[in-house]
Each structure stands twice: as structure tokens, then as C-alpha cells.
Amino acid sequence: MSAIRVTEGKIELLDQRKLPTEITYMVCTSWQDVATAIKDMVVRGAPAIGAAAAYGMALAAKALQHLEPQSLLAGLEEAALGLKATRPTAVNLAWAVERMLHFARKQNTASAVQLAELLWAEADKIAAEDVETNKKIGQYGAQLIPPKARILTHCNAGALATVGYGTALGVIRSAVAQGKEISVFVDETRPYLQGSRLTAWELQQEQIPTTLIADNMAGFLMQKGEIDLVIVGADRIAANGDVANKIGTYSLAVLAQAHKIPFYVAAPLSTFDLQLSSGQEIPIEERSAQELTHFAGVQIAPTGIKCYNPAFDVTPAALVTAIITEAGIIKNPDTETIKKFFTE
Ligand code: MRU
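Residues numbered from 1 in each chain as written. Predicted model: local features only at pLDDT ≥ 70, side-chain atom pairs only at ≥ 80, totals over all residues. Heavy atoms only, no water.

A. Representation of the overall build of the chain in the model. A tally of helices and strands in the chain yields 11 helices and 16 strands. Scaling as 2.2 N^0.38, a compact globule of 344 residues should have a C-alpha radius of gyration of about 20 Å, and the chain matches this with 20 Å. Each of the three principal axes of the chain carries a C-alpha extent, and together these read 65 × 55 × 40 Å. The burial tally for the chain puts 56% of its 344 residues in the buried class. A sequence separation of at least 24 residues applies to 73% of the contacts in the chain between residues at least 6 apart. Total accessible area computed for the chain in this model is approximately 14,800 Å², and 53% of it derives from carbon and sulfur atoms. Positive and negative side-chain charges in the chain, numbering 30 and 36 respectively, have mean positions lying 3 Å apart. (Helix = DSSP H or I, 4+ residues; strand = E, 2+ residues; numbered from the N terminus. Rg over C-alpha atoms; globule rule 2.2 N^0.38 Å. Buried < 20%, exposed > 50% of the residue type's maximum accessible area, 1.4 Å probe, protein only. Contact = heavy atoms within 4.5 Å. Areas by Shrake-Rupley, 256 points an atom, 1.4 Å probe, with all protein chains shown as cover. Lys, Arg positive; Asp, Glu negative; His and termini not counted. Charge placed at Lys NZ, Arg CZ, Asp CG, Glu CD.)

B. Representation of unusual backbone geometry in the model. The residue after Leu19, namely Pro20, is reached through a cis peptide bond having omega 10°. Examined against the element boundaries, Pro20 turns out to sit in the loop between strand E2 (10-14) and strand E3 (25-28). The omega torsion of the bond from Arg190 to Pro191 falls at 0°, within 30 degrees of zero and hence cis. Within the chain, Asn332 stands out as a residue other than glycine whose phi angle is a positive 45°. Residue placement: Asn332 occurs in the loop between strand E16 (328-331) and helix H11 (335-343).

C. Focus on the sheet that holds E2. Taken in spatial order, the three strands of this open sheet run E1-E2-E3, and their pairing is antiparallel. Both outer strands of the open sheet, strand E1 (4-7) and E3, are each paired with one neighbouring strand and no more. Strand-to-strand, the axes of this sheet are offset by a mean angle of 25°, without reference to chain direction. Examined bridge by bridge, E2 and E3 share four bridges and lie antiparallel to one another. Paired with Glu12 across the strands is Val27, a residue of E3. Sheet strands touched by helix H1 (residues 31-39): E2 and E3. Its angle to E3, the strand with the most contacts, is close to 145°. Sitting on the sheet, helix H2 (residues 46-63) is in contact with E1, E2 and E3, with an inclination near 25° to E1. (Pairing = 2+ DSSP bridges. Axes fitted to C-alpha atoms, helices over the stretch in contact; angles between N-to-C directions.)

D. How the structure looks around the site of the ligand. In the region of the ligand, 18 residues are neighbours, and Arg44, Arg87, Asp235, Asn245 and Lys246 sit closest. A distance of 2.9 Å separates an oxygen atom of the ligand from a polar atom in the backbone of Gly45. At 2.6 Å from an oxygen atom of the ligand is found a side-chain nitrogen or oxygen belonging to Asn245. A total of 420 Å² of accessible area belongs to the ligand in isolation, and the protein chains cover 99% of it. (Near = heavy atom within 4 Å. Polar contact = N/O pair within 3.5 Å; in protein donor to acceptor, adjacent residues only side chain to side chain.)

Shown next as C-alpha cells:
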């Protein structure tokens, strides 16, 4: 099951709002369609929204290929702004859009039609690279997973959150492929339930032993010695190793430290934002109160109650045992180890 499908100049996004009970794809024929799909969570997960936005840029170019290259570029810049404005926390979105813009600006001699074709090919490249990157993350990460490990994960950092294979779930897939007989505890991940709706579904499809728990059960399981390690994905990693990821990740990292359990983050290099010196500078998306006051359309809180619904939190680097990337593992991440990793 792919989060993103490409067919004859259109892209189709698996509507993740409807999982696990309904499998439908939303067809996008313009960059505006893609922007709406990202904003409305049809597609979600840092690498997946990056790749979708890259195709959004390709669709923008296609729609403008009858113009002069300069006008096409101006239109692309407008699409870039619109796509980047959809969700603020995951840096992969801006990374992919900027890569497409930079690529377009370099094609000095191309006609508008050629430019549109080249941009489509560049989006295909971003998508293909994402799968390869995740497989490498999986290979590196599997080295850290002992046989029969009982692993806790949060949110969905799987195939659905990427173009394929997943980051944190990629590590799990890779360990399973090595015959390590692992089992996975999945946090349901309130309030949007990416854990129960998406991760539990994804792991079940592959018959990886999976147990769903509510978010507030993690501490109890750790206290009983039933979790060997935690692995999560990331939406943005600052230069000092602080990690923004789905709300609730920080609580898990604190719990993991209290119980002396390794806490791993799996993410591609495109998730690092080395311009930010610490995680305090990462913009945190706030989502609608409706996600807290309603459950599957049913009201579960008093009318008019004040709500606060940040979608992400920041885990300080000091709580992270290692960050697993496609270029290797950064143990004890901090400003020094990350700088060294990127300059070597
Ligand atoms: O709000 P979402 O569902 O887009 O949040 C996704 C996450 O927080 C993931 O853990 C993160 O993007 C990593 S995905 C490989």
C-alpha cells in the first residue's frame, strides 16, 4: 500500500483520514489540490508530505508549460509559498519544495515544456530516493535491535508516512527481515490516532506481532520491564540534536530515561535543520480544538471548553540515545557529534 501513487501526469494520495476501515485514493491534478491534501491530513508524515509537495511543484509546472520559462518560474515560486504554508513543523516539506525550486532555477536553457518534464522527473527522483534512504536507515537501525526485542513506537513513522518502507518502522521491518523475532507495542497516539489507525494497521498487514496500547500505559509497561527500547521518527531535528516529533514523544523519552531504556530516533538527513541551533526554535503546529472535543464525530467534551492542541513536542537531545540516518548512526547526539557527522 503506497501513500503516493503516480499515474499519467496526476498523483493519487491514499486518504489516511479514512484508514484503517476504508482504502481510497484522492486524485490531485494541481498544486492547490496537493496543498489542500497536506493541510487536511490526507497525506501526512514528514517524508511523505515532502514527496507529495515535490509532485505539487511538478503539477504547478505542468499547468504553466504553455508560458515563457520566466513566467513558469514565477508561478512555481507562488506554488512553493502555498505548499510550504500548509504545515509548519516537518522541515522535509520545505526541503523538498526548495530542492524543486533550486533545480528549476538551474535549467537556464530549457523551454517551459522541457522544464515541466524535468521537474516531474526530479519529483520522481525525490520519491525514489526516499525509499532507498529508508532502507538504509533500516539497515543501520537493525544493528541496534536485539533479538526478541520488545519495542515501543509512537505515531506513524512507517510506509504511510514516507514514500515507502518507513523510518522507525523501516528499522522494525529490517530487524524482522533479519529474523529477530521482535514484537511491537504501538501507542494509539491521541488525539489524531496515527498509532491505532495507521501503525497498528501497517504492522498487522505484515504480520509483525503488535499490541496496541493507550498512550498513558507506556510508563506502566516500562515499570514492569516489558519494553526493551523505544523508536520513533522525527519531523525536524535541530543542530544540537533536539527532536521535534508527534506530541507525546517527549513524555516517552523522559519515561525511557527514568527506566534506563534506549530511546532511538530514525530520520533521514532531510529532517535535520542545521540552521536552528536548538529545538526551541522549531515552529510547533497547533491543530483544531475539534480533535480534542470530538471523537469520530461524537462530542466528548463540554461545549465551549477551552482547548490546547499542539501537534508536536520537542525532545531534548540529552534524552536521545542515538539518531539513525541513512548515512549512519549518531550516538549521544549534541552540537559536537552532529557537526562532526555532517562534516565527515
Ligand atoms: O501529524 P503527522 O501525522 O504528520 O505527524 C507525523 C509524525 O510525527 C511522524 O512521527 C514523523 O513525521 C516521522 S514520519 C517518518
